Structure formats: C-alpha cells, structure tokens
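Here are the chains, one letter per residue:
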Amino acid sequence: MIVIATPSLLLPAASSDSAQVVMLVALFAAGFTLSEYASTYPGLIEFRDAPPFNRVRVIGAFVTLFFLSLIAGSPDGPETLFLIVNATGLVMAHALDFPYSPIWLLRVFLPDNATQADLTMLRAMGGLSFLVGLVTISIFAIIMRLKSWPNPNTSFNVWVNLPTFDPTAGGDVVTRLTRDSRINLILGFVLPFLMPILASYGIENLDVSIGTSPLMMVWLVTLWSFLPVTLLMRGMAMGRIAHMITERRKRLVREMADGDELAALA
C-alpha cells in the first residue's frame, strides 16, 4: 500500500478523484498481498516461501518510485537530496544515451512539442531507474551466491513457489525450468527496447499526454524498469532451481551407487 501510494503522496494530485482511485488500488493491493501470504495453498504470487525474492523486488520498486517522484516534483529550492538524485540520474542517462539505446527510446513517451526541461527530466528519471534496476538485480545475485538461495537445507515446494508451473505437464522438469529461465532472461533484456515503442502507440491511440502529468510519467518509467528487472530475477531464480534439482539427482545417483557397492561387498 505504501509503495503504490508513494508517488501520489510526493506529487501534487491532479484531482481528488485520482487520489481516491490511487488509495483504492493501494488498499486492494495490500489486501491481496495479505490474503496471499496468509493462505497455505498456491496463489498468484511466485516464490512466496522463498524469501527474500519478493522483498528485493518490492524494495526496488519503492526506491524507484520514491526517487522518480523527487525528480518529477522539481522543487523550487535547492534541496540537497533532489540535487543528488537528479545529478545521479543525468550522469547515468548521459552514459547510456546513445542511438536506439533504452534511454534514447524513452523520448517517445513525450509529445513532439515537449520542452527541453521535460526531456531532461525524463532522461534523469530513465537513468536513475536503470541504475536502481541494476542494483536490485546485483543484490539478488549476491544473495543467491552467498546464501545459496533458496536454502538447500530446507524443502522447496515447487507447487507453492511456482503456481503457474506444472511439473507434471510432461517432459523433464529440469529441461522445462531451464527453457523458461532462458525465455525470461531474453524477455528481460528485450523489454527495455520494446516497451517505449509499444507505449507510444498506446499513448497516441488514447490521446494522452504524459508531459503534463508527472504522476503518469513516474509510473511509466517505473514500469519500464521494473518489469524487465522482475523477468531477469525470475529467470535467474528458475535457473537456480533447475541447478538444485540437477545436483539433487546427482547426489541420489551417487548414494544409490554407494548402496549397491555396499550390498555387493556384503
């Protein structure tokens, strides 16, 4: 609820109706999350019993929304935090802004008559969200490496943690997990290039201008960075699970071989 309400709390609301809609969506998301984690059966949230996968994602989304809201707020006074966040975003945008790069493609969000200030703000938001996404993925990779995520000493319930994955659908589980992992990784790399183009068509058809709506700009840029990060993390997690199953099978084969040798000696 706090994550969803953060941009509306930091940015001026366009109308009282929009603030009410945001609070309604935030309350619905909070109730849905509580019901999912209170249930003992599979739901819609993946890796529910494999922390801190979802915690890392939610914290990454909150940090992105918070920093982008600071940039979109454009305070009149020289606030130190705003200056640091804005400068960091511009540095990242300058380093990544080359033809047909994800940062370069973000400009399709803006109309043709957008001002240079709007373009600079969008570039700063894109660079900062890209940086937060990289940090989020790096943190999860470090956790996987240092803590052997998920904990190999405890059981991993595939049914609860991967409710959309049916291990009995046919074919080898490791092969299917590896295939899904690669698909998620590929989509995670491709989406930053495709999403601005797809969003531009939607903006044109709906006749919406995000240049005059900082709140919409914050959410669009956040989704632009958050969805690829989620897919990349999901691909890494599924690859890790496939590796765990493979190692478990090898261990069982060695134990069976050792048991056969002992039986032969006896």
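Predicted, not measured: the structure shown is a model, and the values here were computed from it.

(A) Spotlight on the packing of aromatic side chains. For the coordinates displayed, the defined rule picks out 9 aromatic pairs. When the ring of Phe53 is compared with that of Trp149, the centres are 6.1 Å apart and the planes differ by 25 degrees; the resulting orientation is stacked. Of this pair, Phe53 sits in helix α3 (residues 53-73) while Trp149 sits in the loop between α6 (116-146) and α7 (158-161); the two residues are 96 residues apart in sequence, bridging distant segments of the chain. On the numbers, 5.3 Å between centres and 70 degrees between planes, the contact of Phe140 with Trp149 is edge-to-face. Here Phe140 falls in the buried class, since its relative accessible area comes to 0%. A relative accessible area of 3% places Trp149 in the buried class. The structure contains a cluster of three or more aromatic residues connected by ring pairs, namely Phe47, Phe53, Phe140 and Trp149.

(B) Structural detail: the pattern of salt bridges. Counted by the stated rule, this structure contains 5 salt bridges. Notably, a salt bridge pairs Glu46 with Arg234, separated by 2.6 Å at the nearest N-O pair. Note that Glu46 is positioned in the loop between α2 (16-38) and α3 and Arg234 in helix α9 (residues 214-265), a separation of 188 residues in sequence. Taking the relative accessible area as the measure of exposure, Glu46 reaches 13% and is therefore buried. For Arg179, the salt bridge is made with Asp180, and the minimal N-O distance between the two is 3.5 Å. One network of salt bridges, in which partners are shared, links Asp97, Arg107 and Arg123.

(C) Up close: the packing of helix α1 (residues 2-10) against α3. Close contact between α1 and α3 brings their axes to 9 Å; oriented N to C, the two are set at 5 degrees. Between α1 and α3, the interaxial angle falls into the category roughly parallel. In this structure, α1 uses Ile2, Val3, Thr6, Pro7 and Leu10 to contact α3, whose residues at the interface are Val58, Ala61, Phe62, Leu65, Phe66 and Ser69. Residue composition of the contact of α1 with α3, grouped by class: 9 nonpolar, 2 polar and no charged.

(D) Just the layout of surface pockets, in detail. The space that makes up the largest pocket amounts to roughly 840 Å³. Taken together, 25 residues form the lining of the largest pocket, with Val3, Ala29, Thr33, Val58 and Phe226 sitting closest to its centre. Elements with a minimum of two residues in the lining of the largest pocket: α1, α2, α3 and α9. Considering each element in turn, the lining of the largest pocket owes the most residues, 7 residues, to α3.

(E) The arrangement of the side chain of Thr6 in detail. With respect to the helices and strands, the residue Thr6 is situated in helix α1. On the basis of relative accessible area, Thr6 is assigned to the buried category, the value being 6%. Apart from the residues lying within four places of it in its own chain, the contact partners of Thr6 are Phe62 and Phe66.

(F) Focus on a nonpolar patch on the surface. A cluster of nonpolar side chains, contributed by Ile186, Phe189, Val190, Leu194 and Leu198, occupies part of the molecular surface with about 500 Å² of accessible area. Secondary-structure assignment places Phe189 in helix α8 (residues 173-206). On the basis of relative accessibility, which here comes to 58%, the residue Phe189 falls in the exposed class.

(G) Focus on the nonpolar core. In terms of nonpolar packing, the biggest core is built from 25 residues, with Ile71, Leu122, Met125, Met217, Val218 and Val221 touching the most fellow members. At the level of elements, α3, α4 (80-96), α6, α8 and α9 are the ones that each hand at least two residues to this core. Beyond its immediate stretch of four places on either side in the chain, Val218 contacts Pro7, Leu11, Leu65, Leu68, Ser69, Ala72 and Met125. Membership of the second largest hydrophobic core comes to 21 residues, among which are Phe53, Ile137, Phe140 and Val229.

Cut-offs used in this document
- Residues numbered from 1 in each chain as written.
- Predicted model: local features only at pLDDT ≥ 70, side-chain atom pairs only at ≥ 80, totals over all residues.
- Heavy atoms only, no water.
- Phe/Tyr/Trp six-rings, centres within 6.5 Å; stacked < 30°, edge-to-face > 60°.
- Helix = DSSP H or I, 4+ residues; strand = E, 2+ residues; numbered from the N terminus.
- Buried < 20%, exposed > 50% of the residue type's maximum accessible area, 1.4 Å probe, protein only.
- Salt bridge = Lys/Arg side-chain N within 4 Å of Asp/Glu carboxyl O.
- Axes fitted to C-alpha atoms, helices over the stretch in contact; angles between N-to-C directions.
- Parallel < 35°, antiparallel > 145°, perpendicular 65-115°, else oblique.
- Contact = heavy atoms within 4.5 Å.
- Nonpolar A, V, L, I, M, F, W, Y, C, P; charged D, E, K, R; others polar.
- 1 Å grid on protein atoms, 1.4 Å probe; cavity = no way out; pocket = protein on both sides within 12 Å on 5 of 7 lines; lining within 4 Å.
- Points joined across faces, edges and corners; volume = space filled by probe spheres on them.
- Patch = residues over 30% accessible without salt bridge, like charges linked within 9 Å, V, L, I, M, F, W, Y side chains within 5 Å.
- Areas by Shrake-Rupley, 256 points an atom, 1.4 Å probe, with all protein chains shown as cover.
- Core = buried A, V, L, I, M, F, W, Y, C linked by side-chain atoms within 4.5 Å.

Keep in mind these numbers describe shape, not what the thing actually does.
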